[in-house]
Each structure stands twice: as structure tokens, then as C-alpha cells.
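So the chains spell out like this:
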Amino acid sequence: MGAPPTPTLPPSRGKGVSRRLAIASGFALAACGPRANGQPVSGPVPPLKSLAPFPIGTCVQARFLDDPAYAALLTEHFSQLTAEWEMKMEYTVQDDGSFRFDRPDAIAGFARRHGLKLFGHTLIWYAQAPAAFVNLDESRTSFARAYDNYITAFVGRYRGHASGWDVINEPIKDDGSGLREHLWSRRLGEIDHMVRAFHVARAADPDAVLLINDYNLESNPAKLDQYQRLIDRLLNAGAPITGIGCQTHCNADLPAGALTRTINALARFGLKVHVSEMDVSIVRAGGWFVSREEKEAAQARLYAEAMSAFAALPEQQQFAFTIWGVRDPESWLVKEDRSDTPLLFDAGGRAKPAFLAVEAALRD
Ligand code: 9MR
């Protein structure tokens, strides 16, 4: 995905203005957050997964699994794995059209050995259009056959193991004005390619939860609205969609209440809900006058808010709560800015205030 827009606040000229802007940007309650001093915990903390009646997920890359400290932290706290990128077409589809299963299998094998659930991410994504598909002739029949074949191969391979799949990823335009246009929609139809993908996935695994997934839903009401309309259209078209993903990549200046409203709005469909990729960026948050400590406290509050809203959903709708990474330095956001610290654990694997906030939300 492209970088979600970062709301930047203008520089303040006086104390009063700073305060007003701080309130508008969602930092107002920062001081009320847990451990506003921002220090990580030095002693032991309870395993997160032991506190939650639903799966607590994270994303992984195959190469991380060889690091014993990483693997120990991961298996202690998380109960579901999503491949961060190695189950996407950028890895799985080679130029000659053949598929690579080695790293997906390595991640699935690790999950199986450690008794963790596996989540499939992602089948059809506008951002992934491998040459082998682009180069197929224009005939709708052969393209559709290759499309079906891909979905069948991956969903079928992990049938009975993968608890669910992101069948369609990020279908809504960033400005919320409509659906994205891309290889899959051009060749197989704007709605039809999605309906088709859900049917093929369902045929390949009758039990997996089949999800749609998108981001910036909490920060862009137009996008959330468009997402809900699309889900309605897919359901009306008979697509066997059984879950809704809310990526929840947010910035520390997101106003309080937005996450709760979004999670509740998505739950109204009665389908399963997946908080699917949560992280809270410190550096993308606006407000140069707001201290790092305040942003970290705001980060902790946002994690707690999302967890509380998710934990309050009816049990049968709680698919999983997934955090997009384990330790800060491995986050995708760090590639953009090395000083970002968006996750629950620091570089040394120590639990941060955001972890304690999530723990408290789960104990409530
Ligand atoms: O975190 C992922 C990064 O390592 C990959 O390079 C990138 C492209 O595959 O995808 C990132 O994960 C994205 C996820 O698959 C979909 N939602 C947005 C995530 C962050 O960009």
C-alpha cells in the first residue's frame, strides 16, 4: 500500500493554540495513558495469548524464525501467524507461472509445530500483478482459469490448517471515492473478480473464514463508507464472504473513539471481524510540539481502545486480533523511518507501555 496520509498539524504560536491542536489531534488524554514515562518493562509479563479468549496474531518472515530469541517471544505471546509477504504473489508466482511453496510451507510448518493457527494473506491484491498473469493473452477464459488455479492451489494446500484467508485485499481507493482499478478488475470485472475469488476459495476449503481486508478505515470515513457498501454488494451478489478485516495501521494522533466506532460499524454485518494488521506509528503522527513520551502514551491508549472494542464484540464474531510485527525494529514502518517504534515489544524484546495497556484492556 502507499503511505497512508499523515495528518500534519501547523506549528503552534502560543500555549493555548498548542492545547487546542493537541485535543483535536487526539493527544489530549495522553497523560492518562499507562506508564507515560515510556519505559519498557524489565521483568516478566504474562503471555498475551493466555489473557485472550480469541487468537492473538502477528506477522512473520521466514528468516526471522531462525532467531531463537524472536521465536521464543513470538510463541510465548502469539497464537496465530500471518506471513508478512511470503504468501503473496510477489513471492509465490514465478515468471514462468509456477508457484513457490517453500517459504509459505516453512511458516505453516513453524505454526503447526508450535500449535499456532495460520492465517492466509493474501490471495487477490491490486498491488500484486505478477508478470506471468500480465502476460497471459486477453482471452477471458484462460485468464480466469489461471486465476482460479492460483486460489485453488494455495487455499487447497493449507486446507484444514489455515483458519482463514484474506481473499480480497485493499479494494477501496485511498480517497474513498470508489473501487480501485487493476489487472484483476480489468480482466475479470470490478465486482465479478471478487465474487469469483470468494467462490473459488470456498470450493477449495469449506471451513476457512473468507475475508475482505482494508486500511485507513478508522481515519477516513469516506473509505469506511465505501468499504461497507462494497461488502453489501458482495453479499447481495452471493459471495461467500464470512469475515471483515480492519488493518488498523494507525498513527498515534488518531482521535480517541475512532477505532471503537470503526470496529463496531464493521461488526454490524454480523460476520467475523479481524483486527488484521495493527500498529501505531509514532513518527507519522503530527504535532511537533507533542513530546515523544506523549505520543507513546497515546499509542498505548489506541492499542487499548482497539483491544477493548474487539473484546466487547460477540464471541462468535471475534476472528482474531493481529499486530503487524513483534519487535519494533522488524516493523515495515522502520524501513520508512528508523526511529519509529510502532509495536508492543522493543528491540530487546521487552514489553512496552503499549503491551501493558493491551494487557489491562484484556483483564477488564
Ligand atoms: O509489512 C509488509 C512489508 O514487509 C512488505 O514489503 C509489503 C509488500 O508485500 O507488505 C507489507 O504488509 C502490508 C500488508 O500486506 C497489507 N497491508 C499493508 C501492510 C503494510 O504495508
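Residues numbered from 1 in each chain as written. Predicted model: local features only at pLDDT ≥ 70, side-chain atom pairs only at ≥ 80, totals over all residues. Heavy atoms only, no water.

## A closer look at the overall build of the protein chain
Cut-off, in case you're wondering: By definition, any uninterrupted DSSP run of H or I lasting at least four residues is a helix, any uninterrupted run of E lasting at least two residues is a strand, and each is numbered from the N terminus. Only protein chains enter the area calculation, which uses a 1.4 Å probe; residues under 20% of their type maximum are buried, those over 50% are exposed, and those in between are partly exposed.
Across its full length, the protein chain holds 14 helices and 10 strands. For the protein chain, the proportion of its 364 residues judged to be buried stands at 60%.

## Topic: the environment of Ala267
This is how it is decided: By definition, residues are in contact when any of their heavy atoms lie within 4.5 Å.
Among the secondary structure elements, Ala267 is positioned in helix H11 (residues 258–267). In sequence terms Ala267 and Gly243 are 24 residues apart; their C-alpha atoms lie 9.5 Å from each other. Apart from the residues within four sequence positions on either side, Ala267 is in contact with Val273, Leu313 and Gln317.

## A look at the site of the ligand
Basically, it comes down to this: To be near a molecule or strand, a residue needs just one of its heavy atoms within 4 Å of it. Any pair of nitrogen or oxygen atoms within 3.5 Å is treated as a polar contact; in protein, a donor-acceptor pairing is required on top of that, and neighbouring residues in sequence qualify only through side-chain atoms on both sides. Computed by Shrake-Rupley with a 1.4 Å probe, the accessible areas treat only the displayed protein chains as cover when residues are assessed.
With respect to spatial proximity, 15 residues lie near the ligand, and among them Glu84, Lys88, Glu90, His121 and Glu277 are the closest. In this structure, Glu90 approaches the ligand through a side-chain N or O atom, which is 2.5 Å from an oxygen atom. In the environment of the ligand, an oxygen atom lies 3.3 Å from a nitrogen or oxygen atom belonging to the side chain of Lys335. A total of 450 Å² of accessible area belongs to the ligand in isolation, and the protein chains cover 87% of it.

## Structural notes on the pattern of salt bridges
For the record, the criterion: A side-chain nitrogen of Lys or Arg and a carboxyl oxygen of Asp or Glu constitute a salt bridge if their distance falls within 4 Å.
Under the defined criterion, the tally for this structure stands at 15 salt bridges. A salt bridge links Arg327 to Asp67; the shortest N-O distance between them is 3.1 Å. Here Arg327, found in the loop between strand S10 (318–323) and helix H13 (333–336), pairs with Asp67, found in the loop between strand S1 (56–60) and helix H3 (68–77); they are 260 residues apart in sequence, far enough to count as distant. Residue Arg327 is classed as buried on the basis of its relative accessible area, which comes to 10%. A salt bridge links Lys352 to Asp328, with the nearest nitrogen and oxygen atoms 2.9 Å apart. Remark: Asp328 occurs in the loop between S10 and H13 and Lys352 occurs in the loop between H13 and helix H14 (353–363); sequence separation between them is 24 residues.

## Looking at the state of the cysteines
Rules: Criterion for a disulfide: a pair of cysteine sulfur atoms within 2.5 Å.
A complete count under the given rule lists zero disulfides for this structure. With no disulfide of its own, Cys250 lies 8.7 Å from the sulfur of Cys246, the closest cysteine sulfur. A relative accessible area of 4% means that Cys250 is categorised as buried.

## Quick look at the nonpolar core
What counts, and what does not: Each nonpolar core is a collection of buried residues, namely Ala, Val, Leu, Ile, Met, Phe, Trp, Tyr and Cys, held together in the definition by side-chain atoms within 4.5 Å.
In this structure, Leu123, Ile151, Trp165, Leu234 and Phe321 are the most contacted members of the largest nonpolar core, which totals 110 residues. The residues touching Trp165, leaving out its near neighbours within four places in the chain, are Met87, Phe119, Gly120, His121, Leu123, Phe154, Val155, Tyr158, Ala208, Val209, Leu210 and Leu211. Counting five residues, the second largest nonpolar core, distinct from the first, contains Phe119, Val209, Phe319 and Ala320.

## Observations regarding the packing of helix H7 (residues 140–157) against helix H9 (residues 192–204)
What counts is decided by this rule: Note on method: axes are straight lines fitted to C-alpha atoms, helices fitted across the in-contact stretch only, with angles between N-to-C directions ranging 0 to 180 degrees. To sort the angles, those under 35 degrees are grouped as roughly parallel, those over 145 as roughly antiparallel, those from 65 to 115 as roughly perpendicular, and the leftovers as oblique. Definitions for this section: a left-handed crossing has its near helix turned counterclockwise from the far helix by less than a right angle. A right-handed crossing has that turn clockwise. Here the nonpolar group is Ala, Val, Leu, Ile, Met, Phe, Trp, Tyr, Cys and Pro; Asp, Glu, Lys and Arg are the charged ones; every other residue, Gly included, is treated as polar.
Orientation of H7 relative to H9, taken along the N-to-C sense of each, is 40°, at an axis distance of 9 Å. Between H7 and H9, the angle falls in the class oblique. Crossing angle aside, the handedness with which H7 passes H9 is right-handed. Residues Arg140, Ala144, Tyr147, Asp148, Ile151, Thr152, Val155 and Gly156 of H7 touch H9, and the partners they reach there are His193, Met194, Arg196, Ala197, Val200, Ala201 and Ala204. Residue composition of the contact of H7 with H9, grouped by class: nine nonpolar, three polar and three charged.

## As for the packing of aromatic side chains
Stated precisely, the cut-off is as follows: Two aromatic rings, drawn from Phe, Tyr or Trp (for Trp, its six-membered ring), form a pair once their centres lie within 6.5 Å of each other, and the interplanar angle then sorts them: stacked below 30 degrees, edge-to-face above 60, tilted otherwise. Here, a charge over a ring means that NZ of Lys or CZ of Arg falls within 6 Å of the ring centre while also lying within 35 degrees of the ring normal.
Summed over all chains, the structure comprises 17 aromatic pairs. Taking 5.7 Å as the distance between ring centres and 90° as the angle between the ring planes, the aromatic pair formed by Trp85 and Tyr91 counts as edge-to-face. Overall, Trp85 belongs to the partly exposed group, its relative accessible area being 25%. Note on Phe133 and Phe143: the rings are 6.0 Å apart at their centroids and 70° apart in plane angle, and the pair reads as edge-to-face. Here Phe133 is found in helix H6 (residues 131–134), whereas its partner Phe143 is found in helix H7, with 10 residues between them in sequence. Within the aromatic cluster, the residues linked to one another by ring pairs are Phe99, Phe101, Phe133, Phe143, Tyr147, Tyr150, Phe154 and Trp184. For Arg157, the ring lying beneath its charged end belongs to Phe101, and the centroid distance is 4.0 Å.

## Looking at H9
We count it as follows: In this scheme, a helix's expected span is set at 1.5 Å multiplied by one less than its residue total.
Over its 13 residues, H9 runs 18 Å from end to end, which matches the ideal 18 Å to within 8%, given 1.5 Å per residue. Those residues of H9 that sit buried are His193, Met194, Val195, Ala197, Phe198, Val200, Ala201 and Ala204. Among the structural elements, strand S4 (124–125), H7, strand S5 (162–169), helix H8 (183–188), strand S6 (209–214) and helix H10 (221–236) are those in contact with the buried residues of H9.

## Digging into the pairing of S1
Operational definition: DSSP-based pairing: two strands are paired if at least 2 bridges between them are found. Crossovers are marked right-handed if the path from the first strand over the helix to the second runs clockwise, as seen with the strands pointing away from the viewer.
Most of S1 is tucked away: five of the five residues are buried. The alternating pattern of S1 places Ile56, Thr58 and Val60 on one face and Gly57 and Cys59 on the opposite face, and all of these are buried. In terms of strand pairing, S1 meets S10 through three bridges, oriented parallel. Directly across from Gly57, in S10, lies its bridge partner Thr322. Across four bridges, the pairing between S1 and strand S2 (residues 80–83) is parallel. The partner of Cys59 across the bridge, within S2, is Thr82. What joins S1 to S2 is H3, and the crossover it makes is right-handed.

## Side note on the packing of helix H12 (residues 292–311) against H14
Contact geometry of H12 with H14 gives a least axis separation of 8 Å together with a crossing angle of 25°. The angle between H12 and H14 places the two elements in the roughly parallel class. Note that H12 runs across H14; the crossing there is right-handed. Across the interface between the two elements, Gln299, Ala300, Tyr303, Ala304, Met307 and Ser308 of H12 pack against Pro353, Ala354, Ala357, Val358, Ala361 and Leu362 of H14. For the contact of H12 with H14, a count of residues per class yields 10 nonpolar, two polar and no charged.

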